[in-house]
Amino acid sequence: MTIWLNGALRDADSAHVSVFDHGMTVGDGVFETLKTTHGRPFALTRHLARLADSARGLGLPEPDLDEVRRACAEVLQANPMPLGRLRITYTGGISPLGSDRGTGAPTLVVALGTASRRPDTTTAVTVPWTRNERGALAGLKSTSYGENVVALARARERGATEALFANTAGALCEGTGSNVFVVLDGELHTPPLASGCLAGITRALVVEWTGAKETELPLDVLDRAEEIFLTSTLRDVQALHAVDSRELPGAPGPVTAKAARIFEEQSTADIDP
Ligand code: PLP
């Protein structure tokens, strides 16, 4: 596997990041995951814009997006595969012990892994922890993902593939790596960005392409929604057939199936929407 590290392609086995990298020691970094098909990244421009927004939110130096774009192209060319996940990681760089911030150049890593098509339906559970919609990291795709790691492990212990968070006000927020949509009286809704959720790129495209409404929703909407689905780069649109102890036997229902079809068609027609 060939990856990009700080300005050059390298063999992954011999590419090293410093043990003093601030991204590793304190999670002072941001990242993006993109889906790739036959060497073409989906929605690259949107992912780069979000990378820059997250970096700004963390107070990291502005990433050189031309370099990131070039790195993605070179990594994709060096590792041909039909369906892949491209991971961009950008951190504060080396920070000697005792200093608050990286003192040298930031670290940029671009790597490609395999991906597979997800099943059309899956399961999720709610977790007892909350997303802080007013927290410093709200809406940023930072490498400080410990909370998501813990919540996802809890979901897996309970046999589910995703954990769903409420925010501190008790409103439905998002999953550990996905946004959430619900159908109420036949209409599609998703929590607004003010709920503290990540500005998911799949979420934004589904809102644009289906006209879904951004609505503040109480967590217990999960007990009564006619249909529920998750969105993310690697899931696309994925229906829930169970949430906590509730079964949704008809999943994917008609609204979800339509959203999935629209997403599939539009995203195939335009690789960088
Ligand atoms: N919410 C969180 C916390 C995420 O980490 C992700 C993606 O990994 C998403 C939502 C979905 O975002 P996207 O559709 O851009 O993959």
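Use the structure listed above.
Residues numbered from 1 in each chain as written. Predicted model: local features only at pLDDT ≥ 70, side-chain atom pairs only at ≥ 80, totals over all residues. Heavy atoms only, no water.

A. Main features of the site of the ligand. Residues in close proximity to the ligand total 17 residues, the closest being Tyr145, Glu174, Ile201, Thr202 and Thr233. At 2.3 Å from an oxygen atom of the ligand is found a side-chain nitrogen or oxygen belonging to tyrosine 145. Here the ligand, which alone exposes 390 Å², has 92% of that area covered by the protein. One can see that the ligand is located within the largest pocket. (Near = heavy atom within 4 Å. Polar contact = N/O pair within 3.5 Å; in protein donor to acceptor, adjacent residues only side chain to side chain. Areas by Shrake-Rupley, 256 points an atom, 1.4 Å probe, with all protein chains shown as cover. 1 Å grid on protein atoms, 1.4 Å probe; cavity = no way out; pocket = protein on both sides within 12 Å on 5 of 7 lines; lining within 4 Å. Sits in = over half its atoms within 2 Å of the grid points.)

B. The arrangement of helix 2 (residues 44-58) in detail. The terminal C-alpha atoms of helix 2 lie 21 Å apart, and with 15 residues this matches the ideal 21 Å at 1.5 Å per residue to within 8%. Looking only at helix 2, the buried set comprises Leu44, His47, Leu48, Arg50, Leu51, Ala52, Ser54, Ala55 and Leu58. Those residues of helix 2 that are buried are in contact with strand 3 (29-37), strand 4 (40-41), helix 3 (65-78), strand 5 (83-91) and helix 5 (201-210). One or two steps after helix 2, the chain reaches glycine 59, where phi turns positive at roughly 80 degrees. (Helix = DSSP H or I, 4+ residues; strand = E, 2+ residues; numbered from the N terminus. Expected span 1.5 Å × (residues − 1). Buried < 20%, exposed > 50% of the residue type's maximum accessible area, 1.4 Å probe, protein only. Contact = heavy atoms within 4.5 Å.)

C. Inspection of the sheet that holds strand 3 at higher detail. The strand order across the open sheet built from six strands is 2-1-6-5-3-4, with neighbouring strands paired in antiparallel fashion. Each edge of the sheet is formed by a strand with only one pairing partner; in this case those strands are strand 2 (8-11) and strand 4. As judged from the eight bridges shared by strand 5 and strand 6 (residues 107-114), these two strands associate in the antiparallel manner. Note on strand 6: the bridge partner recorded for glycine 84 is threonine 114. (Pairing = 2+ DSSP bridges.)

D. Structural view of the layout of surface pockets. Put simply, the largest pocket is a space of about 1,000 Å³. As for the largest pocket, its lining consists of 45 residues, and the residues nearest its centre are Lys141, Tyr145, Thr176, Gly177 and Ser178. Elements supplying a minimum of two residues to the lining of the largest pocket: strand 3, strand 5, strand 7 (121-131), helix 4 (146-157), strand 9 (172-175), helix 5 and strand 13 (227-232). Of all the elements, helix 4 adds the most residues to the lining of the largest pocket, at five residues. Residues belonging to the lining of the largest pocket are distributed by class as follows: twelve nonpolar, 21 polar and twelve charged. The computed volume of the second largest pocket comes to approximately 600 Å³. Lining the second largest pocket are 28 residues, with Lys35, Arg117, Asp236, Glu264 and Ser267 sitting closest to its centre. (Points joined across faces, edges and corners; volume = space filled by probe spheres on them. Nonpolar A, V, L, I, M, F, W, Y, C, P; charged D, E, K, R; others polar.)

E. Just unusual backbone geometry, in detail. Cis geometry is found at the peptide bond from alanine 251 to proline 252, where omega equals -5 degrees. Within the element layout of this structure, proline 252 appears in the loop between strand 15 (246-247) and helix 6 (254-269). Even without being a glycine, aspartate 185 presents a positive backbone phi close to 50 degrees. Looking at the secondary structure, you find aspartate 185 in the loop between strand 10 (179-184) and strand 11 (187-190). A relative accessible area of 75% means that aspartate 185 is categorised as exposed. Look at aspartate 244: it is not a glycine, yet its phi comes out positive at around 50 degrees. The residue aspartate 244 is located in the loop between strand 14 (236-243) and strand 15 in this model. With relative accessibility at 33%, the residue aspartate 244 sits in the partly exposed group.

F. Representation of the packing of aromatic side chains. Inspection of the entire model under this criterion finds four aromatic pairs. For the ring pair phenylalanine 42 and phenylalanine 263, a centre distance of 6.1 Å and an interplane angle of 75 degrees mean the geometry is edge-to-face. Here the residue phenylalanine 42 occupies a position in the loop between strand 4 and helix 2, and phenylalanine 263 occupies one in helix 6, the gap between them amounting to 221 residues. Residue class for phenylalanine 42 comes out buried when judged on its relative accessible area of 9%. Aromatic pair tryptophan 209 and phenylalanine 263: ring centres 5.6 Å apart, planes at 50 degrees, arrangement tilted. Here tryptophan 209, found in helix 5, pairs with phenylalanine 263, found in helix 6; they are 54 residues apart in sequence, far enough to count as distant. Phenylalanine 263 sits in the buried class, given a relative accessible area of 3%. These aromatic residues form a ring-pair network of at least three members: Phe42, Trp209 and Phe263. The cationic tip of lysine 35 hangs over the ring face of phenylalanine 42; the distance from NZ or CZ to the ring centre is 5.4 Å. Its guanidinium or amino end placed over the ring of phenylalanine 165, arginine 131 lies 4.1 Å from that ring's centre, counting from NZ or CZ. (Phe/Tyr/Trp six-rings, centres within 6.5 Å; stacked < 30°, edge-to-face > 60°. Lys NZ or Arg CZ within 6 Å of the ring centre and 35° of its normal.)

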